[in-house]
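So the chains spell out like this:
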Amino acid sequence: MSRTSKTRDHLLPADATYESVSDQVSRIVLREPVPASWKFGFLIGLIMLQILLIGIGWLFVYGVGIWGINIPVGWGLAIINFVWWIGIGHAGTLISAILLLLHQEWRTSINRIAEAMTLFAVACAGLFPILHLGRPKFFYWLVPYPATTNMWPQFRSPLIWDFFAISTYATVSFVFWYLGMVPDLATMRDRAHSRIVARIYGVLALGWRNSARHWHHYQKLYLILAGLATPLVVSVHTTVSWDFSVGIVSAWHSTVFPPYFVGGAIFSGFAMVLLITIPLRRIYHVKDLITEKHLDAMAKIMLASGMVVSYGYLMDAYVAWYRNEPFDSYIYTDRFSGPYDYCYWGLVICNCIIPQALWFPHVRRNTWLLFTISIFIQIGMWLERFIIISLSLHRDHLPSDWSMYYPTIWDWALLIGTAGLFLVLMLLFLRLLPSISMSEMRELVHQKGDSHHDPS
Amino acid sequence: MTPPEHNEQKRTVNVSTQIQHDAGQLFGLLAQFPSEQELIAATQNFSESGYRSLDAFSPFPLEELSEALQLKRSRVAPIVFAGGLIGGVSIYALEYWINLFAYPLNVGGRPLHSWISFIPPTFECTVLLGSLAGACGMLWLCGLPRLNHPVFEVDAFQRASTDGWFLCIQAEDDHFDPQISRQLLFSCGAREVWDVPEIKY
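First, a word on scope: everything that follows refers to the structure included in this document. Just so we're clear, the structure is a prediction, and the values are computed from it rather than from any experiment.

On to the environment of A102(B), then. Residues and elements named next belong to chain B. Tracing the sequence through the fold places A102 in helix α4 (residues 76-102). Residue A102 is classed as partly exposed on the basis of its relative accessible area of 26%. A sequence separation of 13 residues divides A102 from V89, and the C-alpha atoms of the two residues are 18 Å apart.

The following block contains the structure:
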């Protein structure tokens, strides 16, 4: 038996059939009663969502003065949260697109969840720059449209690049996710018990009928979209990092930013996929579809991207020291032993030291440990963005300007609120749409069948 | 398998006796096969016998089916390319026009045509329009979206999205003959064959 067919056997239960994989996934939506844990999670999500609405309402009434931002720290939690959420969104497209192009079959059962996670994380991220504008109602000024004032956006500004990068990323991710789901929506339509449910899925499936002619065009497009999405993932976080690196603030002016931001995005993205899939396997009994092998592979990617991030920290500090420019060196002394030193050392512990446990196969296969490590990584990545933004700003070149930045309750309300928005969207997705790609699982069963026929 | 013989006279007789549907029109015949191998073999047989209005259905993509149906290379790729090209060129042209003519701003003596900073929007719009054109193009090539299709009239067709293997011979095909085609389907190993009525809107 070839090596690939061995891998496949670990990704599927031994007795998997076309019927059993389709049933196992569609049952979650069509037949199983709503689990108590889902209802509890949804309630928590709704409460947090109210906090978001109150936070946004208060912001619209009083303006950005309700946040802790000041001079010199003009970018506070809003931008930190934006970069954090957009980073979380990256693993989705990465799993879907890059792993598809690399023929990594283990992506099959987690790609749909990861893509949905991308969409929802980008939705959360997209809120922040708009809210941060000060006058959110004018956000459309970023769009190059023929205004009667004859004013046009400034294309040399990273803010405009951001607008193009994020709106493109959101749209292309949506198209990739939705088209990937169309054959499965057709399966849902065909397996629905009530007419109304069948009609809803029928409309969403766009009339898909599994024809060979459909598959012929569909497969081609799916592959092309994966090819387009791959550079897109890299370009989005690179653009976000350019927001900083084209500036003149000492600690931001670094060429290591683009790769280091992308590495960090993959790091936090995979941690988020684990945070979602580990409870999902338990609640919906899909442990034989999302196997330990999947968790193991994701943990290895986390370990690798964690090392990239650690290298970024090291290089950043080394370059500051090597440049021998007193203020640059001072910025780093401030990080290690300044008023926010606990953030820096928290970051080192969460992002550099704790993930080293992933070297041990025993840890990679222990869901509790993986879950805990993923939480630490999320915290660490959030701290990283806090350090890059607030710490670099709070002591600038002019000591008379120096000021501390303390987030207010309204800053935290938006972070908690977007977490609620993410939770609600994710739970609705798990409840209403096929969360694992059934057509790709059937293909995997088919290939597995072939490998049994073929004794080579 | 030999190509089905069909003389005009015999065919007319058959059509008038065979079709009993209210619609008075037959869309085609739908056959279910027990496995993918049999579906592929049957599709190949029909295709080689000169049938052109054929469609095969499988719950996941099968390369062999596309080959058996003698499908041409998908035109999705050129559509994506055209979309991407239009997106990239038009946004770069817009940036050029805005920065040099419509709203020139001298920022720190930088050149008005600072092409390096025009690249990020150009790249993003290339990907955006390419993807959207590809998605619309794929749906257009597939004849989607549509709310209904005659094959959905056969209840057993619901299996096509789980583990059903179907072949549809359409009545519009020159070689189509309700009886002969039906026999051919059975001789290829079809488990069951249904008449698919034309749907009225």
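Turning our eyes to something else, we now look at empty space enclosed by the protein. Residues and elements named next belong to chain A. Scanning all chains against the criterion turns up three cavities of 30 Å³ or more. A volume near 90 Å³ is recorded for the largest cavity. Lining the largest cavity we find S250, A251, H253, S254, D316, V319, A320, R323, D328, I331 and Y332. If you list the elements that add at least two residues to the lining of the largest cavity, you get α11 (292-323) and α12 (326-337). Ranked by the residues each element gives to the lining of the largest cavity, the list is headed by α11, at four residues. Split by residue class, the lining of the largest cavity holds five nonpolar, three polar and three charged. Along the walls of the second largest cavity sit Y260, Y313, D316, Y332, R335, Y344, L347, E384, I387 and I388, which together make up its complete lining. The set of elements that each furnish at least two residues to the lining of the second largest cavity consists of α11, α12, α13 (341-353) and α15 (367-394). The leading source of residues in the lining of the second largest cavity is α15, at three residues. Of the residues contributing to the lining of the second largest cavity, the split by class is seven nonpolar, no polar and three charged.

The figure often quoted for interface size is the accessible area lost as the parts come together. Counting residues at the interface gives 53 residues for chain A, matched by 69 residues for chain B. Taken together, the two surfaces of chain A and chain B that pack against each other cover about 5,300 Å², and 67% of this comes from carbon and sulfur. Looking only at chain A, the three residues that lose the most surface to chain B are W152(A), R156(A) and R209(A), adding up to 16% of its buried area. Counting the contacts that link chain A with chain B gives two salt bridges. We note a salt bridge from E19(A) to R159(B), for which the minimum N-O separation is 2.8 Å. If you look at where chain A meets chain B, you find 25 residue pairs in polar contact (both at pLDDT 80 or more).

With that settled, consider the environment of T333(A). Residues and elements named next belong to chain A. Note that T333 resides in helix α12. Accessibility expressed as a relative area gives 42% for T333, which makes it partly exposed. For the pair T333 and A317, spaced 16 residues apart in the sequence, the C-alpha separation amounts to 9.4 Å. A polar atom in the side chain of T333 sits 2.9 Å from the backbone oxygen of S329.

This brings us to the sheet that holds strand β3 (residues 165-170) of chain B. Residues and elements named next belong to chain B. Spatially, β2-β3-β1-β4 is the arrangement adopted by the four strands of the open sheet, whose pairing is antiparallel. At either end of the open sheet lies a strand with only one pairing partner, and these are β2 (54-57) and β4 (192-197). Averaged over neighbouring strand pairs, the angle between their axes works out to 20 degrees when direction is ignored. Pairing geometry for strand β1 (residues 26-33) and β3, over six bridges, is antiparallel. For A31, the partnering residue across the bridge sits in β3 and is L167.

Residues and elements named next belong to chain B. Overall, the coordinates contain 17 salt bridges over all chains when judged by the stated rule. The partner of D163 in a salt bridge is R159, with the nearest N and O atoms 2.8 Å apart. Looking at D163, the relative accessible area reads 25%, which means it is partly exposed. The partner of D195 in a salt bridge is R182, with the nearest N and O atoms 2.5 Å apart. Residue D195 is located in strand β4, and its partner R182 is located in helix α6 (residues 178-187); the two are separated by 13 residues in the primary sequence. The partly exposed category is assigned to D195, whose relative accessible area is 23%. The class of R182 is buried, set by a relative accessible area of 19%.

Secondary-structure assignment places E124(B) in helix α5 (residues 115-142). Within the buried set, E124(B) has no salt-bridge partner at all; the shortest N-O distance to an opposite charge, 16 Å, is to R385(A). Within the local environment of E124(B), its side chain forms a polar contact with the side chain of S235(A), the two groups lying 2.9 Å apart. Apart from the residues lying within four places of it in its own chain, the contact partners of E124(B) are F164(A), A165(A), T168(A), L232(A), S235(A) and T239(A).

A separate point is unusual backbone geometry. In this model, I71(A) is joined to P72(A) through a cis peptide bond whose omega is 15 degrees. Structurally, P72(A) is set in the loop between α3 (36-62) and α4 (77-88). For the bond from L144(B) to P145(B), the omega torsion is -5 degrees, close enough to zero to count as cis. With respect to the helices, strands and loops of the structure, P145(B) is situated in the loop between α5 and β3. Its identity as a non-glycine residue notwithstanding, N150(A) has a phi of 60 degrees, on the positive side. Within the element layout of this structure, N150(A) appears in the loop between α6 (111-132) and α7 (158-191). In this structure, L206(A) takes a positive phi of about 60 degrees despite not being glycine.

What counts and how
- Residues numbered from 1 in each chain as written.
- Chains lettered and ligands numbered in written order.
- Predicted model: local features only at pLDDT ≥ 70, side-chain atom pairs only at ≥ 80, totals over all residues.
- Heavy atoms only, no water.
- Helix = DSSP H or I, 4+ residues; strand = E, 2+ residues; numbered from the N terminus.
- Buried < 20%, exposed > 50% of the residue type's maximum accessible area, 1.4 Å probe, protein only.
- 1 Å grid on protein atoms, 1.4 Å probe; cavity = no way out; pocket = protein on both sides within 12 Å on 5 of 7 lines; lining within 4 Å.
- Points joined across faces, edges and corners; volume = space filled by probe spheres on them.
- Nonpolar A, V, L, I, M, F, W, Y, C, P; charged D, E, K, R; others polar.
- Contact = heavy atoms within 4.5 Å.
- Buried area = accessible area lost by both parts, 1.4 Å probe.
- Salt bridge = Lys/Arg side-chain N within 4 Å of Asp/Glu carboxyl O.
- Polar contact = N/O pair within 3.5 Å; in protein donor to acceptor, adjacent residues only side chain to side chain.
- Pairing = 2+ DSSP bridges.
- Axes fitted to C-alpha atoms, helices over the stretch in contact; angles between N-to-C directions.
- Lys, Arg positive; Asp, Glu negative; His and termini not counted.

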